[in-house]
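Reading the structure
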Amino acid sequence: MTVAFATHEHTAVPYRDRKRYAWLLSVIAPAGIVIGPVAHLLGATSPLWFFFSLAFFYGGIPLLDKLFGEDRSNPPEAAVPALEADRYYRYINYAVVPVLWGSLLFNCIYLATHELPWYSWLATVIVTGSMLGFGLNLSHELGHKKDWLGRKVGLFNTALGGYGHFSVEHNRGHHRHVATPEDPASSKMGESIYRFMFRELPGCFFRGWDLEAERMERLNKPVWSLDNEIIQAGLVTTVLYGTLIAFFGVKMIPVLLVVAFWGAFQLTSANYIEHYGLVRRQLASGRYEQCQPHHSWNSNHIISNLVVFHLQRHSDHHAHPTRSYQSLRDFPELPTLPSGYFGMFLAAYVPPVWFRIMDPRLVAAVGGDVERINFLPVKRQRLMRRYGLKEKSLLAQEAA
């Protein structure tokens, strides 16, 4: 589709989304997780087949990001209304759902009905959970939409991983409190992903439940009402998981538990890297300044962005949460990740590597201003000494 927009000379200039058909990669990607099981069913005996998809997602995509580099181009603002109205992009979102569900259910059933060496089982469970995390990202994209169908498909999709509180918590909790010490989904400088996980996973669930309970109260309905969106998604999960266990036996239980956990952990991983150490200033009123693009880490790496619906242009997403993935923009002088999410996940899983990469980058991104750093309190003084940071009051005294 070519969109015409007017320049300042009032002449019509065509705009074409160069990634229009490349977005179809996100439809194909979920099917990649079945390569190992399908190869095994077709007679392959090498266990390496079970590691192929895992190696591609966590190794191949970062390498492709390095090879193809970044795409910093933005759609002209005059073209954005037409891009937002183009249903093609939404149909891509919807097309992912059956591919995602089919691939995940195929792998779960395969794992519950075949005897595998532990390492083949583990590789398949992890790559299946990784794709479940991708599915939660799809729910993230749809959950921000204003139309009823998009939001309900997003909610339904979270049920695949038993994560039905996500849409409620993310839209009404995380976006309100992002980049503040009060947000369980914003990581702090010096906080490892594993420490963050124990704060984020329960914190987001309870915040989501409280927010939905408040909504039920405003509607004069009981919290356990079927109008409660967390209950709606929970019922879908219960029926789905109950049916799988009834048909395929108790071996399905550990499969579902590990897949669901790893899928949730992929979302935790994204939350961890998206706002690491960044904080909004607290105003004299006690409120925080409005969320701006510089309160999120950004990445323009083209291959991983195609897979995750531009989630890595996270700076614009938080500044304009209802803007669809095809319209998200890059901005100059943003806090920038050195790789796409798949590569940064690997770094985060080894905390010393993560801190070595990101702590100096964080200090540089905020210009050494400690008021713009969300410190893990117990490590604040140690990190300030390491990077030569000083409180503003002390700097003012030295200047005087």
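Here, the structure is the one placed above.
All figures in this text were calculated on a predicted structure; none of them were measured in a lab.

**Overview of the environment of Asn228**
- Structurally, the position occupied by Asn228 is in the loop between helix H9 (193-218) and helix H10 (229-248).
- The class for Asn228 is buried, based on a relative accessible area of 0%.
- Residues Asn228 and Arg361 lie 133 residues apart in sequence; the distance between their C-alpha atoms is 42 Å.

**Quick notes on the side chain of Arg280**
- Within the secondary structure, Arg280 is located in the loop between helix H11 (252-274) and helix H12 (302-307).
- Buried charge without a partner: Arg280 forms no salt bridge, and the closest opposite charge is Glu289, 6.8 Å away.
- In terms of polar contacts, Arg280 uses its side chain to reach the backbone carbonyl oxygen of Glu289, at 2.9 Å.
- Not counting chain neighbours up to four residues away, the residues in contact with Arg280 comprise Arg176, His177, Val178, Ala179, Thr180, Tyr288, Glu289, Gln290, Cys291 and His295.

**Some points on a nonpolar patch on the surface**
- Taken together, the side chains of Val38, Leu41, Leu42 and Phe106 present a nonpolar region at the surface, about 370 Å² in accessible area.
- The residue Leu41 is located in helix H2 (residues 35-41) in this model.
- In this structure Leu41 comes out as partly exposed when scored by relative accessible area, which is 46%.

**Some remarks on helix H14 (residues 341-348)**
- H14 sits mainly inside the fold: 7 of its 8 residues count as buried.
- Looking at the packing, one finds that the buried side of H14 touches helix H3 (49-68), H9, H11, H12, helix H13 (314-319) and helix H15 (351-365).

**Examining the environment of Ala39**
- Mapped onto the secondary structure, Ala39 falls in helix H2.
- Distance from Ala39 to Phe50, taken between C-alpha atoms, is 8.5 Å for residues 11 residues apart in sequence.
- Apart from the residues within four sequence positions on either side, Ala39 is in contact with Ala44 and Trp49.

**Re the packing of helix H5 (residues 87-113) against H10**
- At a closest axis distance of 11 Å, the pairing of H5 and H10 adopts a crossing angle of 35°. Classified by chirality, the crossing of H10 by H5 is right-handed. Packed against H5, whose contacting residues are Trp101, Leu105, Ile109, Ala112 and Thr113, the element H10 presents Leu240, Leu244 and Phe248 at the interface.
- In the contact of H5 with H10, the residues fall into 7 nonpolar, 1 polar and no charged.

Calculation criteria
Residues numbered from 1 in each chain as written. Predicted model: local features only at pLDDT ≥ 70, side-chain atom pairs only at ≥ 80, totals over all residues. Heavy atoms only, no water. Helix = DSSP H or I, 4+ residues; strand = E, 2+ residues; numbered from the N terminus. Buried < 20%, exposed > 50% of the residue type's maximum accessible area, 1.4 Å probe, protein only. Lys, Arg positive; Asp, Glu negative; His and termini not counted. Salt bridge = Lys/Arg side-chain N within 4 Å of Asp/Glu carboxyl O. Polar contact = N/O pair within 3.5 Å; in protein donor to acceptor, adjacent residues only side chain to side chain. Contact = heavy atoms within 4.5 Å. Patch = residues over 30% accessible without salt bridge, like charges linked within 9 Å, V, L, I, M, F, W, Y side chains within 5 Å. Areas by Shrake-Rupley, 256 points an atom, 1.4 Å probe, with all protein chains shown as cover. Axes fitted to C-alpha atoms, helices over the stretch in contact; angles between N-to-C directions. Left-handed = near helix turned anticlockwise from the far one by under 90°. Nonpolar A, V, L, I, M, F, W, Y, C, P; charged D, E, K, R; others polar.

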